[in-house]
Each structure stands twice: as structure tokens, then as C-alpha cells.
Amino acid sequence: MNLSQLYYFSKLSELEHFSKAAKELYITQPSLSHAIKSLETELGVQLFEREGRRMRLTPFGKEFATYVKRGLREIDKGVELAQEFNGKLGGTVNVGAVLTVQGDYLPPLFHDFSENYGQEVKLNMFQGFSVPLVEGLENDKYDVVFAAAGERKPNLCYEHVLSHELVLVVNKDNPLAQRESISIPELSGHELHTYRLGTPIGEEVNDLLTEYSLPAKHDCEDEVSLGGIISSMPNDVALATLTISLKAFDHLRFLRIEDVPQDFHPIYLIYKRDAYRSCAAERFIQFSQDWVPPKCATPSIDAIEEGRA
């Protein structure tokens, strides 16, 4: 038994398809088949069973895969530690993030991390909504995510990294566009749009509106949808978080909401508690916790208005 056989087995157990596994391993399919058969002969047990064109792990194969993957992760981590000791930290960090932090917050963070640790660490960024992102984190699709908290889970750690302000979005042709701020009760009688229920931000806004018994159309997924509606419907208004997505709409104005804190919608750095992570992922989490973002990393009404002037 050798490391190559174990790496081959690990990849095949992940994909359960000989040709796909061989392609990702950069070997021929017969070579992969021979390695797996040799491993099964040495162990004296069958690891896979064929199901049409796919391969399925046997019950023992599933158990064996758990230990093999754990062992290979420890070996990989040892290699990374040796590389870091020699100033050559490498590896890949898979980062899931909501769209609202991808244009202004994450780019300077990624830049500063690479400046500090070098270009050998590859940072992969994946976009999604908060709930699916957290689910992907739990399923090891991501090493870390930047998202809204929603329902807190005991197996996850939440580090508050930034907040987005809740604003009223109005069309420039709306009489309200002449104002700088507005209170929640003053929204009564207006056709009000906001985020759909079931999302963290949708529930946060709904809780606020419920305090004032104020109805609203919970009909949008994100700021782009809300901005589009108000651009085309001058008499309607929307409650949205002030994010980079709204900068694209020149025909909109944003009013501060009185008696609502500016840090209305928090975004968190979320990662698994007590889970295996590569050295690169550990360093990225630590760096993100200590990083102080520039002022431009979080949009403000004043900055948007200055940019349009």
C-alpha cells in the first residue's frame, strides 16, 4: 500500500466514477483500475461495487474512506506546515460570500492577505445567498463564508466583520427624494417593497415593520431587484440595505431611516467550530479576524452621492 493508491481511492470515493476520477488525477483509467484492485487485494475486502456506469462504495468502503481522508488531510497539513516554515505557504481556500461584500469588502481583504502571505495561496470566491452558503459550509463545500447569521448553529463560529445600513430607496422623481431622512411611521400609505420572507434580511426587516404594524410587499431577493422596481415605478418605495449593488442605479436616491441603527444588517465571517482546516484556511480566518477594512469597504450615502457628483 502506498500514498498514491490512497489518493486514488480518495478521489474515486468522492466522484464514484472511474473516467472522471482518472481525468482529475491525470492518469489513465486502466492505471486507476489497477491501483484500486491492488488495494482491494491487499486489504482483502471489496471497496467498490459497480452500478451501471458508476461505482458505489461498499459499506466497508465508506468506513475506510472516512479514515483515509482523515489521514490524507493530516499528511497534507504537515506538508503545508513545512512549506510555511520555509516561507512558502500554499494551498487553496474556498470562500463563499454574499454578493453585497464581493465588490468592496472582499477585494481589499484578498489583496492584503496575498500581500502578507504571498501568491501561492489560491483564494476561490463563490457567490450565493446566506442560507445556502451556510449549508455549503456545513457540507464542506467552503472553508469559510461571509454571510448573514440567520439562525445561529452551535457547530459554527460567527465573527462580526461589517454591517450594512437600512435605507429607504426612492426614485428621483418621487417627492420624497427631496428629503434626507424619514421615519418608519411616515411610510404608511406608500407602496413599500422589501426582501422576501425566509431570508435573514427579510426577517430582520419584517420584524422592524411588525413593530409599527406596517404592511409591505416582500417580493425581492436582493438589492438589484429592489433597485430595478423603484427605477421603473417612481411612486413606489423600498426598504433595502445600502450595498454596492445599488450604486448602479443613477435614478435612485437613498434616505436614512430615523430611529434605526446604521449597523442594521450585520455580516459575519462564519466557519466551522473544531473542524479540520488546511493551514492556508486557518491563516485566512485569522487574518480576516484581525484585518481592519478601509472606509471604502462599506458603502455610505455620502460616498455614493459624492461619486455621482
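Scroll up a little and you will see the structure.
Report follows, based on the coordinates. (Residues numbered from 1 in each chain as written. Predicted model: local features only at pLDDT ≥ 70, side-chain atom pairs only at ≥ 80, totals over all residues. Heavy atoms only, no water.)

1. Describing helix H9 (residues 279-290)
For H9, built from 12 residues, the straight-helix expectation of 16 Å at 1.5 Å per residue is met to within 8% by its first-to-last C-alpha distance of 17 Å. What H9 keeps buried is the set Cys279, Ala280, Ala281, Phe284, Ile285, Phe287 and Ser288. (Helix = DSSP H or I, 4+ residues; strand = E, 2+ residues; numbered from the N terminus. Expected span 1.5 Å × (residues − 1). Buried < 20%, exposed > 50% of the residue type's maximum accessible area, 1.4 Å probe, protein only.)

2. Details of the packing of aromatic side chains
Under the counting rule described, the total for this entry stands at 13 aromatic pairs. Residues Phe9 and Phe64 carry aromatic rings whose centres are separated by 5.1 Å and whose planes lie at 55° to one another, so their mutual orientation is tilted. Note that Phe9 is positioned in helix H1 (residues 3-15) and Phe64 in helix H4 (residues 59-85), a separation of 55 residues in sequence. Judged by its relative accessible area of 14%, Phe64 is buried. With centroids separated by 6.4 Å and ring planes inclined at 85°, the aromatic side chains of Phe146 and Phe284 adopt a geometry described as edge-to-face. With Phe146 in strand S5 (residues 144-147) and Phe284 in helix H9, this residue pair connects regions lying 138 residues apart in the sequence. Comparing Phe146 with Phe284 shows no difference in burial state: the two are buried. Each residue in the set Tyr105, Phe110, Phe113, Tyr117, Phe146, Phe284, Phe287 and Trp291 is aromatic and connected to the rest through ring pairs, giving one cluster. The positively charged end of Arg152 is found above the aromatic ring belonging to Tyr158, 4.6 Å away from the centroid. (Phe/Tyr/Trp six-rings, centres within 6.5 Å; stacked < 30°, edge-to-face > 60°. Lys NZ or Arg CZ within 6 Å of the ring centre and 35° of its normal.)

3. Examining the nonpolar core
Counting 38 residues, the largest nonpolar core has Val93, Val101, Tyr105, Leu109, Phe146, Ile270 and Phe284 as its most contacted members. Secondary-structure elements contributing two or more residues to this core are strand S3 (91-97), helix H5 (106-117), strand S4 (121-127), helix H6 (130-138), S5, strand S6 (156-164), strand S13 (265-272) and H9. Judged by nonpolar contacts, the second largest core, of 36 residues, contains Leu168, Ile201, Leu214 and Val237. (Core = buried A, V, L, I, M, F, W, Y, C linked by side-chain atoms within 4.5 Å.)

4. Focus: the state of the cysteines
Counted under the stated rule, the structure contains zero disulfides. The thiol of Cys279 is unpaired, and the distance to the nearest cysteine sulfur, on Cys157, comes to 18 Å. (Disulfide = S-S within 2.5 Å.)

5. Considerations on the sheet that holds S6
Taking strand neighbours across the sheet as the criterion, the five strands line up as S4-S3-S5-S13-S6 in an open arrangement whose pairing is mixed. Strands at the two margins of the open sheet, each flanked by one partner only, are S4 and S6. Averaged over neighbouring strand pairs, the angle between their axes works out to 20° when direction is ignored. Across the sheet, H6 touches S3, S4, S5, S6 and S13, and the angle it forms with S5 is around 165°. (Pairing = 2+ DSSP bridges. Axes fitted to C-alpha atoms, helices over the stretch in contact; angles between N-to-C directions. Contact = heavy atoms within 4.5 Å.)

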